[in-house]
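# Coordinate analysis (summary)
If you want the building blocks of each chain, they are given just below.
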Amino acid sequence: MPMTLASSITVGSGGATQIEFTNIPQDGKDLLLLISARSGVASGADGVLASIKYNNSSDSTYTTLRVFGLGTDASSTVTTNGTSTSFYRMTTPDQAASVFAVGRVYVANYAGSANKLSFSEAGFNNSNTAIDARFTFFRRANTAAITSIQITNLDNSFVQHTIASLYTVS
Amino acid sequence: MSDTPVKIIVDLSKPEGERETIVPLTPEEIAQLELDAQRAEEELALEQAEQARIAQLKQSAKTKLITGEPLTPEEADTLVL
């Protein structure tokens, strides 16, 4: 599966609440998004959530299955009719210093005319002892080709040195 | 969030070096962000409740195994796939 870097963005000193890739080339088969992020405001042990959505739409078409574990116990939930999918928890200034959460999202057949299926893997360290891991499978019940992706910090800003890289897979 | 939040737009139709712009979120985008954040918090609360439920079932199952008591079907489900 050859991958081509479409673009990589590093957040500057002012921070940003959202990173948006627009006019995504339609010549690939799948998309791969890699993200390393940290949030800017203290929030306690739960960290801060980030979401992903496609085509900057507010339609309630996301069904999400999450398998997750914080510490030793793993469990799962299913949610429906979302306007985006929260897929990622980030460290904050009251947690381990300079530790960025990591994650990736794989989007299948993004330029096709079927509903859009994606999965993500992400993990963060909410202190030096507790690690949160989550595996998320989500479906957008919308057949439009994906031309843009929005990654949003749902509580504050992504801090400087947050990196998001988008690849096309052919 | 007291300051107007901003987003970084990376326009892949433009040449490298000209792709990035930083713009304030529109009022509509801010309103949607707040709705998404509220929903995400509700989903996180659901996750935490589910984690607590599973942990409690496992602990109960462990205690009953040690003392020789029968498990409930839910408790058994935490041990057998």
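Here's what I pulled together on the structure shown here. Note that the coordinates shown come from a computational prediction; the quantities given were computed from them, not determined experimentally.

Sheet architecture is open: six strands sit in the order β7(A)-β4(A)-β11(A)-β2(A)-β1(B)-β2(B), paired in mixed fashion. Every interior strand has two partners, whereas the edge strands, β7 (85–90) of chain A together with β2 (20–24) of chain B, have only one. Here the strands of the sheet are splayed against their neighbours by 20° on average, with no regard to which way each runs. On top of the sheet, helix α1 (residues 27–67) of chain B reaches β4 (48–54), β7 and β11 (149–153) of chain A together with β1 (6–11) and β2 of chain B; it is set at about 120° to β4(A), its chief contact.

With that settled, consider the interface of chain A and chain B. Contact residues are listed per partner, giving 45 residues for chain A and 31 residues for chain B. Buried area between chain A and chain B, summed over both chains or domains, comes out near 3,000 Å², and the portion from carbon and sulfur atoms is 53%. In this assembly, chain A and chain B are joined by five salt bridges. Of the charged contacts, one joins E47(B) and R66(A) as a salt bridge, the two residues approaching to 3.8 Å between their closest N and O atoms. Inspection of the chain A/chain B interface yields 21 residue pairs in polar contact (both at pLDDT 80 or more). Elements with a contribution of two residues or more to the side of chain A that touches chain B: β1 (3–10), β2 (18–22), β4, β5 (62–70), β6 (73–82), β7 and β11 of chain A. Top element by residues in the side of chain A that touches chain B is β6(A). It accounts for nine residues. Note that β2(A) and β1(B) share five bridges and pair parallel.

Let's shift gears to the pattern of salt bridges. The final tally for this structure, using the stated rule, is 15 salt bridges over all chains. Two residues, E50(B) and R53(B), come together in a salt bridge whose shortest N-O distance is 3.0 Å. Here the residue E50(B) and the residue R53(B) both occupy positions in helix α1, the gap between them amounting to three residues, near one helical turn. Shared partners join several salt bridges into a network, and the residues in it are R66(A), R89(A), D132(A), R134(A), R39(B), E43(B) and E47(B).

What characterises a pair of aromatic rings is the spacing of the ring centres plus the angle enclosed by the ring planes. All names here are of chain A. By the definition in use, this model includes four aromatic pairs over all chains. Look at Y54 and F138: their rings are 6.2 Å apart centre to centre, the planes differ by 25°, and that puts the pair in the stacked class. In this pair, Y54 sits in strand β4 while F138 sits in strand β10 (residues 131–140), placing the two residues 84 residues apart along the sequence. In this pair, the class of Y54 matches that of F138, namely buried. Their ring planes at 35° and their centres at 5.3 Å tell us that F87 and Y88 sit as a pair that is tilted. A single burial state applies to F87 and to Y88, both of which are buried. Among the aromatic side chains, those forming a connected cluster through ring pairs are Y54, Y62 and F138.

Attention now goes to the environment of Q26(A). Residues and elements named next belong to chain A. Along the polypeptide, Q26 turns up in the loop between β2 and β3 (30–37). Taking the C-alpha atoms as reference points, Q26 and V107, separated by 81 residues in sequence, lie 13 Å from one another. The contact partners of Q26, leaving out residues within four places of it in the chain, are Y110, A111, A145, I146 and T147. A distance of 2.9 Å separates a polar atom in the side chain of Q26 from the backbone oxygen of I24. There is a polar contact of 3.0 Å between the side chain of Q26 and the backbone oxygen of I146.

Right, let's get into the sheet that holds β10(A). Pairing is antiparallel across the open sheet formed by eight strands, whose spatial order is β1-β12-β3-β8-β9-β10-β5-β6 (chain A). Two strands lie at the open edges of the sheet, namely β1 and β6 of chain A, each paired on one side alone. Between one strand axis and the next, the sheet turns through 15° on average, direction left out of account. Across seven bridges, β3(A) lies against strand β8 (residues 101–108) of chain A in antiparallel orientation. Each bridged residue has a counterpart across the sheet, and for L33(A) the counterpart in β8(A) is V105(A). This element, α1(B), spans β5, β6 and β10 of chain A of the sheet and lies at about 150° to β6(A).

Basis of the calculations
Residues numbered from 1 in each chain as written. Chains lettered and ligands numbered in written order. Predicted model: local features only at pLDDT ≥ 70, side-chain atom pairs only at ≥ 80, totals over all residues. Heavy atoms only, no water. Pairing = 2+ DSSP bridges. Helix = DSSP H or I, 4+ residues; strand = E, 2+ residues; numbered from the N terminus. Axes fitted to C-alpha atoms, helices over the stretch in contact; angles between N-to-C directions. Contact = heavy atoms within 4.5 Å. Buried area = accessible area lost by both parts, 1.4 Å probe. Salt bridge = Lys/Arg side-chain N within 4 Å of Asp/Glu carboxyl O. Polar contact = N/O pair within 3.5 Å; in protein donor to acceptor, adjacent residues only side chain to side chain. Phe/Tyr/Trp six-rings, centres within 6.5 Å; stacked < 30°, edge-to-face > 60°. Buried < 20%, exposed > 50% of the residue type's maximum accessible area, 1.4 Å probe, protein only.

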